[in-house]
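Spelled out, the chains give:
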Amino acid sequence: MAHGDFDKTQDNAQPAVSNGIPPPSFPLPLPDSPDIITANLLLLIGQTPNPRLKFIYQLLVKHLHAFVKESNLSTDEWMAAIQFLTLVGQTCTPLRQEMILLSDVLGVSALVDALNNPVMGGATENSVLGPFFTEDAEDIEHGGSIASEGKGEYMYVEGRVLTTEGEPIAGAVIETWEADDNGYYDTQYADRTHPDCRGRLHTAKDGSFGYRAIVPHAYPIPGDGPIGGLLISQGRHNMRPNHLHMMAEAPGYHKLITSLYPDSCDYIASDTVFGVKKSLVVKLEQVDDDAEARKRGFPKGGSFKLLKRDIVLLTEEQSRLTRRQVVGELEASYLQTKDN
Ligand SMILES: [Fe+2]
């Protein structure tokens, strides 16, 4: 399609109108080499009124143009990239976000998450939210079950929600959800009638929580779209290691979105969306004690896995200070590289 073809879909009764911004008041050399294109664009972007936006645009152009030059991108490769990105956009629906998936598999989502949620003082680290959180989880009593019978191998989850000083946080709300033995979340079943493998709990006075769940199962991210093709072209699998999602919040504390990753999964080091962090890897204890399994409420008794893990929250103030420190260090190191 030629660039001008867009006009054919418009009502051409009125003359085309510019956006009203006049040509720049400063001189721009006419390009006689590729470098002039980059230099001129950087000068034009220099007019961006919002300073943060200006900074982001300039850095993006610098890196994007450097990538094109360094890779000596061919016209065919450029067109393939345009077609790929077009397909990524076209694959998005109100229920499917292929663009976020692209960000995920390129590690960008995890990087933004890590930069925006630095931790200190032994606080629990963040992990990606993922697309399977729902608002309709049922409230679970201490020791209750988030999974219906037959969804997977028994697992008991217990711990406390604490401050960085080790003080218990009572009444913290924990949302938790996981994939079943088929590698599906409840929302992926067409005949879903109620929430399953998900629940909402409140910590007790001593900050403790405990609930019955199942050992989560590893699962693939959607492989039938352009991101699936991208991963195959890179020789990469499309699996997420098994994990238990947890979200914890309490008044005055920074909301934590995280996941715990059992260490026994083959995909743990190559999580296709880079959600795993070393501090979030957990060991599941094997408990072969029928009486104990029944005492904890597992209907068939036998054995179960035990996941013990405390959750440590930052106060809003601690979170703000930590983030300011990290952003300050990043900007300082950027300015230093610029000066050198
Ligand atoms: Fe997940």
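Residues numbered from 1 in each chain as written. Predicted model: local features only at pLDDT ≥ 70, side-chain atom pairs only at ≥ 80, totals over all residues.

**Q** Which residues make up the overall build of the protein chain, and what values do they have?
**A** Secondary structure assignment for the protein chain yields 8 helices and 12 strands. Over its C-alpha trace the protein chain gives a radius of gyration of 25 Å, far above what one expects of a compact globule, namely 20 Å for 340 residues. Projected onto the principal axes, the alpha-carbon positions of the protein chain cover approximately 85 × 45 × 40 Å. A total of 340 residues make up the protein chain; the buried ones form 26% of that total. Restricting to contacts in the protein chain with at least 6 residues of sequence separation, those with at least 24 account for 68%. (Helix = DSSP H or I, 4+ residues; strand = E, 2+ residues; numbered from the N terminus. Rg over C-alpha atoms; globule rule 2.2 N^0.38 Å. Buried ≥ 20, exposed ≤ 12 C-beta atoms within 10 Å, placed from the backbone. Contact = placed C-beta atoms within 7 Å.)

**Q** If you had to explain helix α4 (residues 98-105) to someone new, which residues and values would you point to?
**A** Every buried residue of α4 is accounted for by L101, L102, D104 and V105. Taken end-on, α4 shows its buried residues confined to a sector of 160°, consistent with a single buried face. Structurally, α4 contributes buried residues whose contacts are with α3 (75-91), α5 (108-116) and α6 (226-233). A positive backbone phi angle near 80° is found at G107, which sits one or two residues after α4. (Arc of directions from axis to C-beta.)

**Q** Kindly report on the nonpolar core, identifying the contributing residues and their values.
**A** A general tendency of soluble globular proteins is for nonpolar side chains to be buried together. Membership of the largest hydrophobic core comes to 43 residues, with the highest contact counts inside it found for M155, V161, A213, A248 and L313. Among the elements of the structure, β1 (154-162), β2 (173-178), β4 (208-214), β7 (244-249), β8 (256-262), β11 (303-308) and β12 (311-312) are those that each provide at least two residues to this core. Once you skip the residues sitting within four places of it in the chain, A213 turns out to touch I146, A147, M155, V157, E178 and L244. (Core = buried A, V, L, I, M, F, W, Y, C linked by C-beta atoms within 7 Å.)

**Q** Any chance you could break down unusual backbone geometry for me, citing the residues and the numbers?
**A** With phi around 55°, C197 is a residue other than glycine that occupies positive phi space. If you trace the backbone, C197 turns up in the loop between β2 and β3 (198-202). Within the chain, F274 stands out as a residue other than glycine whose phi angle is a positive 60°. The residue F274 is located in the loop between β8 and β9 (281-282) in this model.

**Q** Tell me what's going on with the packing of helix α1 (residues 34-45) against helix α2 (residues 51-71), and back it up with residues and numbers.
**A** Two numbers describe how α1 lies on α2: the axes approach to 9 Å, and their chain directions differ by 170°. Relative to α2, the element α1 lies roughly antiparallel. Mapping the contact onto sequence places P34, T38, L41, L42 and I45 in α1 and K54, Y57, Q58, V61, H65 and K69 in α2. Taken together, the residues of the contact of α1 with α2 sort by class into 6 nonpolar, 3 polar and 2 charged. (Axes fitted to C-alpha atoms, helices over the stretch in contact; angles between N-to-C directions. Parallel < 35°, antiparallel > 145°, perpendicular 65-115°, else oblique. Nonpolar A, V, L, I, M, F, W, Y, C, P; charged D, E, K, R; others polar.)

**Q** Quick rundown of the UniProt feature "domain: Intradiol ring-cleavage dioxygenases" (unreviewed entry) in the protein chain? Include the residues and the values.
**A** In this numbering, the UniProt entry assigns the feature "domain: Intradiol ring-cleavage dioxygenases" (unreviewed entry) to residues 130-292. The span residues 130-292 is 7% helical and 31% strand by assignment, and the distance between its end C-alpha atoms comes to 34 Å. (UniProt positions renumbered as here; feature names shortened; annotations may be inferred.)

**Q** So what about the environment of G130? Which residues, and what values?
**A** Along the chain, G130 falls in the loop between α5 and β1. Counting along the chain gives 59 residues from G130 to Y189, while the straight-line C-alpha distance between them is 17 Å.

**Q** Describe the pairing of β11, listing the residues and the values that go with them.
**A** Regular strands place their side chains on alternate faces of the sheet. Strand direction decides the pairing type here: β1 and β11, joined by 4 bridges, are parallel. Residue M155 lies in a different strand from β11, and its bridge partner there is K305. (Pairing = 2+ DSSP bridges.)

**Q** Break down the packing of α4 against α6 for me, with residues and values.
**A** The geometry of α4 relative to α6 is characterised by a closest axis approach of 9 Å and an angle of 25° between their N-to-C directions. Judged by the angle between their axes, α4 and α6 are roughly parallel. Residues E98, L101, L102 and V105 of α4 form the contact with α6, whose participating residues are P226, I227, L230 and L231. A class-by-class count of the residues in the contact of α4 with α6 yields 7 nonpolar, no polar and 1 charged.

**Q** Can you tell me about the sheet that holds β8, naming the residues and giving the values?
**A** Ordered in space as β3-β2-β7-β8-β9, the 5 strands form an open sheet in which the pairing is mixed. Unpaired on one side and paired on the other, β3 and β9 mark the two borders of the sheet. When β7 meets β8, the two strands line up antiparallel, connected through 5 bridges. From the neighbouring strand, M246 faces β8, where its bridge partner is T258.

**Q** Account for the pairing of β8, naming residues and giving values.
**A** Extensive coverage of β8 is indicated by the burial of 6 of its 7 residues. Here β7 hands over to β8 after 6 residues, with G252 in that stretch at a positive phi of 90°. Pairing between β8 and β9: 2 bridges, direction parallel. Pairing of P262 across the sheet is with V282, part of β9.

**Q** Talk me through the environment of T272; I want residue IDs and the actual numbers.
**A** Within the secondary structure layout, T272 lies in the loop between β8 and β9. Sequence-wise, T272 and R236 are 36 residues apart; in three dimensions their C-alpha atoms are separated by 7.9 Å. Residues within four places of T272 in sequence aside, it is in contact with V105, I221, L231, R236, H237, N238, M239 and R240.

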